[in-house]
Amino acid sequence: MADDHKIKVAIVGYGVIGSRTATAIRLQSDMILSGVADVATDWRIAQIISQGIPLFAATAEASAAMEAAGLPTNGLLTDLVESSDIIVDCTPKHRGAENAELYRKLKRPFIVQGGEKHDVTGHSFVAESSYSSTIGRSATRVVSCNTTSIVRTLKTLKNAGLLKKARGTLMRRATDPWESHLGGIMNTLVPEPEVPSHQGPDARLVDPDLDVTTIAVRVPETLAHLHTWYVEMARAATKAAVLDALSQSSRILLIDSRTGLSAINVVKEWMAENGRRHANLYEVAIWRDLLTVDGTDLYFSYMVDNQAIVIPETIDAIRALAGNEQDPAVSIAKTNESLGVGDLVIPQWAVQKSLGHDG
């Protein structure tokens, strides 16, 4: 595909999500990374230069600081926005809402992340649920990592006619790993002050029919989030039927603790051994052997990689806003192939042994 037919995508904010989204964009055959805008002058921004990615300063003050640090820029944020088709804003919470005024003024479709309010765009995105409703819009919000996992898992159960209501407890990592020397909690657990926590209501912004309530607790680790769920099913079902329903989503990964994948640190190591950049786990990793069914009661646990799970969603949101691909299944398949989603090899002995107890 010639470059002039590719979607020109700008990244604003080169942190945990911005850097991973930039990498993913460069893997897409139908997209081109038009540049990155930021305000920092640290090692992350030097990486942009070393990779040959056009660097833009988000402010005039940042431009002066970058030039002083020997980081050549290609202009300001306005220049980047004007030269791009789609803007992906990955800036810290509330900054995206401020930047949205510029994107609208310059008439550029844009994406914000889950730290922003739904009202910033009036639309919230998870590819398997709201891709089609995104086509033709001027903006969308890719929901948070935890909300993404909730919509993926409960939507698959809903599609199979199994979901009545769901109640989940989220054990949330204290901070991102690369910032753990700056803050976070140690030797304690901190209940979030509101019940329900925001993820349940946020999931209903994507799919209003979900009957879901969440409680969250901050825990002293940085690798990932861990969820435990109780679901009242709409009808009695076997464990095999539930696993079959969950396996219909390409972005749910059924793992087995008996293979040694018994904790989130081991799963992250598995991602690294499989060559995933940053050891990214794009899928929701559900422990199939721990999943339990008792009549209409369903219990399961899963892992959420807070740094990676929204990356495939963001890529699909770009295609939906651009309108170049109308079929969500086609976009999801393209994104999955480029990121290696679906390529992981699950030890068959574990699957077979687990199936022996799935009835």
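This text follows the structure it describes.
Reading the values: the criteria
- The residue numbering used here restarts from 1 in each chain and proceeds along that chain's sequence as written.
- Predicted model: local features are reported for residues with pLDDT of at least 70 only, side-chain atom pairs are reported and counted for 80 or more only, and whole-chain, interface and lining totals are derived from all residues.
- Hydrogens and water are ignored here; the side-chain numbers use all heavy atoms of the structure.
- Between Lys or Arg on one side and Asp or Glu on the other, a salt bridge is scored when a side-chain nitrogen of the former is within 4 Å of a carboxyl oxygen of the latter.
- Numbering of helices and strands runs from the N terminus, with a helix taken as a DSSP run of H or I at least four residues long and a strand as a DSSP run of E at least two residues long.
- With a 1.4 Å probe rolled over the protein chains alone, any residue whose accessible area is under 20% of its type maximum counts as buried; one over 50% counts as exposed, and the rest are partly exposed.
- Pairing between two strands requires that DSSP report at least two bridges joining them.
- Ring geometry is summarised as follows: Phe, Tyr and Trp rings, the Trp one being its six-membered ring, pair when their centres sit within 6.5 Å, and such pairs are stacked at plane angles under 30 degrees, edge-to-face over 60 and tilted between the two.
- In this analysis, axes come from line fits to C-alpha atoms, helices being fitted only over the stretch in contact, and the angle between any two N-to-C directions falls in the range 0 to 180 degrees.
- By definition in this entry, angles of less than 35 degrees are roughly parallel, angles greater than 145 are roughly antiparallel, angles of 65 to 115 are roughly perpendicular, and the rest are oblique.
- In this scheme, a crossing is called left-handed if the near helix is turned counterclockwise away from the far one by less than a right angle; it is called right-handed if the turn is clockwise.
- In this analysis, two residues are considered to be in contact whenever any of their non-hydrogen atoms come within 4.5 Å of each other.
- The residue classification treats Ala, Val, Leu, Ile, Met, Phe, Trp, Tyr, Cys and Pro as nonpolar and Asp, Glu, Lys and Arg as charged. All others, Gly included, are polar.
- Residue types Ala, Val, Leu, Ile, Met, Phe, Trp, Tyr and Cys, when buried and joined through side-chain atoms within 4.5 Å, form a set referred to as a nonpolar core.
- We place a 1 Å grid over just the protein atoms. Points where a 1.4 Å probe fits but has no way out form a cavity, open points with protein on both sides within 12 Å along at least 5 of 7 lines form a pocket, and any residue with an atom within 4 Å of a point lines it.
- Grid points are joined across faces, edges and corners, and a volume is the space filled by probe spheres set on the points.
- The term polar contact refers here to a pair of N or O atoms within 3.5 Å; inside protein, the definition further demands a hydrogen-donor-capable atom paired with an acceptor-capable atom, and it admits residues adjacent in sequence only when both atoms are side-chain atoms.

1. Structural notes on the pattern of salt bridges
Applying the stated criterion across every chain, the model contains 20 salt bridges. The partner of Arg141 in a salt bridge is Asp202, and the shortest N-O contact between them spans 2.4 Å. A residue pair is termed long-range when its members are at least 10 positions apart, and Arg141 in strand β7 (residues 139–142) and Asp202 in helix α8 (residues 199–206) qualify at 61 residues. Judged by its relative accessible area of 2%, Arg141 falls in the buried class. Given a relative accessible area of 6%, Asp202 falls into the buried group. As a salt-bridge pair, Asp207 and Lys158 come within 2.7 Å of each other at their nearest N and O atoms. Taken together, the residues span a long stretch of sequence, with Asp207 in the loop between α8 and β10 (212–219) and Lys158 in helix α7 (residues 145–159) at a distance of 49 residues. Looking at Asp207, the relative accessible area reads 4%, which means it is buried. Residue Lys158 is classed as partly exposed on the basis of its relative accessible area of 26%. Three or more residues joined by partner-sharing salt bridges are found here, namely Asp30, Arg152, Arg251, Glu313, Asp316 and Arg319.

2. As for the pairing of β10
Where strand β8 (residues 163–173) and β10 come together, eight bridges link them in parallel fashion. Counted as the bridge partner of Met171 is Val217 from β10. Of the pairings in the sheet, the one linking strand β9 (residues 190–191) to β10 comprises two bridges and is antiparallel in character. Bridge pairing links Val190 to Arg218 in β10.

3. Remarks on the packing of aromatic side chains
Summed over the entire model, instances satisfying the criterion amount to five aromatic pairs. With centroids separated by 5.3 Å and ring planes inclined at 50 degrees, the aromatic side chains of Tyr103 and Phe110 adopt a geometry described as tilted. The burial state of Tyr103 is the same as that of Phe110; both residues are buried. Between Phe125 and Tyr131 the ring centres are 6.3 Å apart and the planes differ by 55 degrees, which places this aromatic pair in the tilted class.

4. Some thoughts on the packing of helix α1 (residues 16–25) against helix α11 (residues 310–322)
Where α1 contacts α11, the axes come no closer than 10 Å and their chain directions differ by 55 degrees. Here α11 runs oblique to α1, going by the angle between their axes. Note that α1 runs across α11; the crossing there is right-handed. Here α1 contributes Ile17, Arg20, Thr21, Ala24 and Ile25 to the contact with α11, which in turn contributes Val310, Ile311, Thr314, Ile315 and Ile318. When its residues are assigned to classes, the contact of α1 with α11 shows seven nonpolar, two polar and one charged.

5. Some details on the nonpolar core
By size, the foremost hydrophobic cluster in this structure holds 73 residues, and its most contacted members are Leu154, Leu157, Val231, Val242, Phe300 and Ile318. Ala10, Ala37, Phe56 and Leu102 belong to the second-largest nonpolar core, a separate cluster that totals 16 residues.

6. Points about the layout of surface pockets
Put simply, the largest pocket is a space of about 1,200 Å³. Lining the largest pocket are 40 residues, and of these Lys93, Gly114, Gly115, Glu116 and Ser144 sit closest to its centre. Put simply, the parts of the chain that give the lining of the largest pocket at least two residues each are α1, α7, β8 and α8.

7. Topic: the environment of Val212
Here Val212 shows up in strand β10. Taking the C-alpha atoms as reference points, Val212 and Glu67, separated by 145 residues in sequence, lie 50 Å from one another. In this structure Val212 touches Ile150, Leu154, Ala166, Arg167, Gly200, Ala203, Arg204 and Trp229, once residues within four positions along its chain are discounted.

8. Some thoughts on α1
Across the 10 residues of α1, nine count as buried, placing the element largely inside the fold. Residues of α1 that are buried: Val16, Ile17, Gly18, Ser19, Arg20, Thr21, Ala22, Ala24 and Ile25. The elements touched by buried residues of α1 are β1 (7–12), β2 (31–38), β4 (86–89), α11 and α12 (328–339).

9. Thoughts on the environment of Ser19
Examined against the element boundaries, Ser19 turns out to sit in helix α1. Residue Ser19 is classed as buried on the basis of its relative accessible area of 13%. Each C-alpha atom, one on Ser19 and one on Ala57, is 16 Å from the other, the two residues being 38 residues apart in sequence. Within polar-contact distance, the side chain of Ser19 engages the backbone oxygen of Gly15 at 2.8 Å.

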